[in-house]
Amino acid sequence: MEQQLEVHLSSLHDDPLEAAASMTGSLASMEAEQYAYLAEFLHDCAEDPALSAFDGGERRFAYGGAGTPAIPEFAVTQVQVQLGLSPYAAQRLVADVMSLTHRLPGVLAAMADGQVQAWRARMVATATRDLPLADVARVQEVLLEGVRGGVPLVARITRKRLQQVLDQAEMTVLPEGVAEEIEHWLAARDVTIRPGERGTSVLSGTVSTADGARLTHRLTQVADWWVELGDTRTRSVLRSVALGMLADPGMLDNLYARVCAHRAGQDLLDLDLSDVAPSDLDPLAPAPSGHPLPATVLYVHHEPDTTERKPGGCWSLDGHGALSADQAAELVGHSHVTLKPVIDLAAPIQCPGYVASPRLKEHLALMNAGLCTFPYCDQPAIGGDYDHRQPYPRGPTTKTNGHLLCRRHHRAKTFARWRVQSVTTGVWLWTSPTGDHYVVTAGTTTPLVP
Ligand SMILES: [Zn+2]
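Residues numbered from 1 in each chain as written. Predicted model: local features only at pLDDT ≥ 70, side-chain atom pairs only at ≥ 80, totals over all residues.

### A short note on the overall build of the chain
What counts here: Strands here mean DSSP runs of E at least two residues long; helices mean DSSP runs of H or I at least four residues long; both are numbered from the N terminus. Throughout, a residue-residue contact means that the two C-beta atoms, derived from backbone geometry, are no farther apart than 7 Å.
Assigned secondary structure in the chain consists of 16 helices and 16 strands. The long-range fraction of contacts in the chain, counting pairs at least 24 apart against all pairs at least 6 apart in sequence, stands at 55%.

Put into structure tokens, the structure is as follows:
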């Protein structure tokens, strides 16, 4: 083994990054081996409690979920001490090892083959712990779907996306459980404001997903109003100012009136709102009329292969990930929601000129699961840059000649010799400065091994 490792290292010594990358698979295999030893020890303890218990008074738990053996609690303590872990970390490790061994053998095998990193396998094990065995098998089947006879889906997506896939699986299979969890977290909502550094207060807290989305839109909208009126402070500062204004909605009315006057080319309201203290406003003034928020966009992912137990596909909110049916309903209950089925991405769109239209950007974003098209990037595509593959005007502003990149990766492509080709609509082939290739499609990344 030692000899092998030496040969391995010396042959790659010329390229330290390549050497580091090549170890990812070996590390996964070694961790799978460690899990196999742990499973062997835990099984021995499950069969013969005397191996771990000395007074016979210990309890047993199926840490790994349904279908995994009950493990004596002090076996976990032995694992904890021998591996130098905290009690909580040891319990989580034992739970994940048992889950992978008994409920997700395919994922564990892919890890042993070096295809799936340990953190991905453990994320799957943890997230599927409460699912019945049959449903875990189905999730495993989806996650192991491979391309080129190799890389399974679970290894081709970002951490955020994997979490979303797992959340959706849980919401579809166990809607009651998820609803209970949501209720639990909603019941713990809280907002606190405490003194911060000189002249500031620090605000922290939790709101519902729907409130969070609406608040985000409102703060952006009010910051935009200030910019429209010529305010040169940064958007971050203006969003904070906007939040403060919500303390007295009448101030929003005044600001909006000024924006309207400004748009109409009038200068009727010569009022500097930054000087208006809430006490200056008439407490008996009528309640603010309210200004419509920009629409919240809710994407409906229809799954054609639905079974009786998952009739409705699922939903996602831009920037907020997967939603339960109740959360989606709460958003729909709000009047300014645009529902968008994820369909017809093949329809051609051409924009006159250099700038990509919002519709073109939306389609391009959905073609890569809402993400920047750079390998493994988890930044949102909406709000990113439209990158012309063939420079404009030789290349038009269309779906086939462009894609969306976050700012960092737009710079990587412009300045760091990363190259991209569109193999076909929605499939991008990236070439690194050192000549490595990556296929990116539908939010997945697959390295092409020569
Ligand atoms: Zn990116």
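### Quick look at the nonpolar core
Definition in use: Core membership is restricted to buried Ala, Val, Leu, Ile, Met, Phe, Trp, Tyr and Cys residues, and these are joined into a nonpolar core through C-beta atoms within 7 Å. Buried means a residue has 20 or more other C-beta atoms within 10 Å of its own C-beta, exposed means 12 or fewer, and partly exposed covers the counts in between; C-beta atoms are placed from the backbone.
V94 and V107 are the most contacted members of the largest nonpolar core, which has 42 residues in total. Apart from the residues within four sequence positions on either side, V94 is in contact with L42, Y63, I71, V76 and V79. Counting 15 residues, the second largest nonpolar core, distinct from the first, contains A356, L366, L405 and C406.

### Brief notes about the environment of Y88
Locating Y88 in the fold gives a position in helix 4 (residues 87-102). Separated by 11 residues in sequence, Y88 and T77 place their C-alpha atoms 10.0 Å apart.

### What about unusual backbone geometry?
With the exception of glycine, most residues fall at negative phi, and the peptide bonds are largely trans. Unusually for a residue other than glycine, Y376 sits at a positive phi of about 60°. Residue Y376 is classed as partly exposed on the basis of its C-beta count, with 15 C-beta atoms lying within 10 Å. Unlike most non-glycine residues, A442 shows phi in positive territory, near 50°. Note that A442 resides in the loop between strand 15 (437-441) and strand 16 (444-448).

### Topic: the sheet that holds strand 16
Sheet strands line up and pair through hydrogen bonds in the backbone, either parallel or antiparallel. Short version of the rule: Any two strands between which DSSP finds at least two bridges are classified as paired. Here the axes come from fitting lines to C-alpha atoms, over the contacting stretch only for helices, and the angles between their N-to-C directions go from 0 to 180 degrees.
Spatial ordering of the open sheet is given by 13-14-15-16, a layout of four strands whose pairing is antiparallel. Looking along the sheet, the strands with just one partner apiece sit at the ends: strand 13 (419-424) and strand 16. The average angle at which neighbouring strand axes cross in this sheet is 25°, direction not considered. Here strand 13 pairs with strand 14 (residues 427-431) via five bridges, running antiparallel. Each residue of the ladder has a partner; that of R419, found in strand 14, is T431.

### Some details on the packing of helix 2 (residues 16-47) against helix 5 (residues 105-112)
Put simply, the rule reads: For classification purposes, an angle smaller than 35 degrees is called roughly parallel, one larger than 145 roughly antiparallel, one from 65 to 115 roughly perpendicular, and anything else oblique. Note on residue categories: nonpolar means Ala, Val, Leu, Ile, Met, Phe, Trp, Tyr, Cys or Pro, charged means Asp, Glu, Lys or Arg, and polar means any other residue, Gly included.
Contact geometry for helix 2 and helix 5: axes closest at 7 Å, N-to-C directions at 130°. Viewed along their axes, helix 2 and helix 5 adopt a mutual orientation that is oblique. Judged by residue contacts, A28, S29, E31, A32 and Y35 of helix 2 engage L108, M111 and A112 from helix 5. For the contact of helix 2 with helix 5, a count of residues per class yields six nonpolar, one polar and one charged.

### What to know about the environment of Q78
Along the chain, Q78 turns up in helix 3 (residues 73-83). With 12 residues separating them in the primary sequence, Q78 and A90 have C-alpha atoms 9.1 Å apart.

### Here we look at the environment of Q221
Turning to its location among the elements, Q221 is positioned in helix 11 (residues 209-228). Take Q221: there are 16 C-beta atoms within 10 Å of it, and that puts it in the partly exposed class. Separated by 18 residues in sequence, Q221 and R239 have C-alpha atoms that sit 8.8 Å apart.

### What to know about the packing of helix 11 against helix 13 (residues 249-263)
For clarity, the cut-off: Crossing chirality is assigned from the near helix's rotation relative to the far helix, an anticlockwise turn below a right angle marking it left-handed and a clockwise turn marking it right-handed.
Where helix 11 contacts helix 13, the axes come no closer than 10 Å and their chain directions differ by 45°. The orientation of helix 11 with respect to helix 13, classified from their angle, is oblique. The handedness of the crossing between helix 11 and helix 13 comes out as left-handed. Residue-level contacts link V222, W225 and E228 of helix 11 to L252, L255, Y256, V259 and H262 of helix 13. Across the contact of helix 11 with helix 13, the residue classes tally to six nonpolar, one polar and one charged.

### Quick look at the pairing of strand 16
Regular strands place side chains that alternate from one sheet face to the opposite one. Across five bridges, the pairing between strand 15 and strand 16 is antiparallel. Residue pairing across strands places Y438 opposite P447, the latter belonging to strand 16. Following strand 15, the chain reverses through two residues before pairing antiparallel with strand 16; A442 in that reversal takes a positive phi of roughly 50°.

### Regarding the pairing of strand 15
Strand direction decides the pairing type here: strand 14 and strand 15, joined by five bridges, are antiparallel. Across the sheet, residue V427 finds its bridge partner in strand 15, namely T441. Adjacent in sequence and paired antiparallel, strand 14 and strand 15 are bridged by five residues, among which G435 carries a positive phi angle near 90°.

### So, the confidence of the model for the chain
Rule in force here: Confidence of the prediction at every residue is given by pLDDT, a number between 0 and 100.
Confidence in the prediction of the chain, expressed as mean pLDDT, is 80, and 77% of residues score 70 or more. Counted against residues more than four places away or in other chains, residues 268-289, with its pLDDT under 50, gives 22 contacts. Segment residues 303-312 is flagged for pLDDT under 50; beyond a separation of four residues in sequence, or across chains, it makes five contacts in the model.

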